[in-house]
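Residues per chain, in single letters:
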Amino acid sequence: MTTTVPQTDQRSAIVTGASTGIGEATVRALAAEGWRVFAVARRAERLESLAAETGAIAVPADISEDDDVARLVAAVADGGGADTLVNIAGGARGTDWVAEAKTEDWEWMFRSNVLGTMKITRAFLPMLRANGQGTVLNLTSVAALVSYEGGGGYNAAKAAERAMTRALRLEEAENNVRVIEVLPGLVKTEEFSLRRLGGDAEAADKVYEGVEEPLTAEDIADIVRYAVTVPHHINLDEIVVRPVAQAAAHKLIRKGA
């Protein structure tokens with residue numbers, strides 16, 4: 001399997017988690033800038049719809065499964081290769097305190113946020129190195145910086161993903177692969193809180209209740225687009241971004257609260 005990348009003027013990115021939220025918005029943002037985008041997620045029907053709208057190349061895959069990752073690498077190589085990997089797939093499950101932690105929730109969070117990111121990054125590093133100006137961008141969270149009650153599993157998973165990102169930056173600098181981390185705070189998206197709270201729409205809505213202008217998927221996608229588009233010698237190591245209403249992890253302004 002070849003991992004070389006033809007040198008063309010068109011930038012090319014793999015975006016995971018592309019079927020919804022920040023991943024979907026990032027596909028739209030990069031495609032609008034003329035990038036060739038490989039949109040990756042498990043839900044094939046949503047990817048096909050996104051591809052039809054944006055011109056992205058849909059590649060249904062579960063990044064935590066080795067066979068799917070190998071098939072994805074082959075599809076990207078056959079499709080002209082890529083110089084940028086944008087790791088957005090991940091998420092949270094549950095709000096249990098550690099004393100009541102559900103093993104299956106923690107295993108899912110580590111598999112999707114940590115092991116999946118590791119597997120796809122490991123698989124594409126030869127291609128990114130061969131390009132000569134490769135980029136890896138990992139979307140973590142401010143949950144990696146400050147822990148909170150009921151967030152132990154997500155805190156742990158995102159802190160692990162952050163640690164991996166920082167190690168990767170040190171390891172790949174000599175290969176001219178830049179490694180960027182974006183750490184969002186409160187972002188109102190279609191599914192994040194809904195999934196975390198087991199499909200309870202009322203509870204999910206309360207997460208954002210009274211918050212004026214929480215961040216949107218499009219806000220984060222625009223930051224991702226900027227970070228991977230600036231000249232390659234510029235590395236935006238860490239970008240922490242919150243809505244103005246979220247002054248810190250412990251201070252969230254809710255109007256009327």
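In short, a report on the structure.

Basis of the calculations
Residues numbered from 1 in each chain as written. Predicted model: local features only at pLDDT ≥ 70, side-chain atom pairs only at ≥ 80, totals over all residues. Heavy atoms only, no water. Salt bridge = Lys/Arg side-chain N within 4 Å of Asp/Glu carboxyl O. Helix = DSSP H or I, 4+ residues; strand = E, 2+ residues; numbered from the N terminus. Buried < 20%, exposed > 50% of the residue type's maximum accessible area, 1.4 Å probe, protein only.

### What about the pattern of salt bridges?
Move 1: Scanning all chains against the criterion turns up 14 salt bridges.
Move 2: Of the charged contacts in the structure, one is a salt bridge between R11 and D83, with a shortest N-O distance of 2.9 Å. Of the two residues, R11 is situated in the segment before β1 (12-16) and D83 in the loop between α3 (66-78) and β4 (84-87); the sequence distance between them amounts to 72 residues.
Move 3: Here D83 falls in the buried class, since its relative accessible area comes to 6%.
Move 4: Residue E181 pairs with R162 through a salt bridge whose shortest N-O separation is 2.8 Å. Pair noted here: E181 is in strand β6 (residues 178-184) and R162 is in helix α5 (residues 152-172), with a separation of 19 residues, a long-range link. Each member of the pair E181 and R162 is classed as buried.
Move 5: Through salt bridges that share partners, E24, R28, R46 and E53 make up one connected network.

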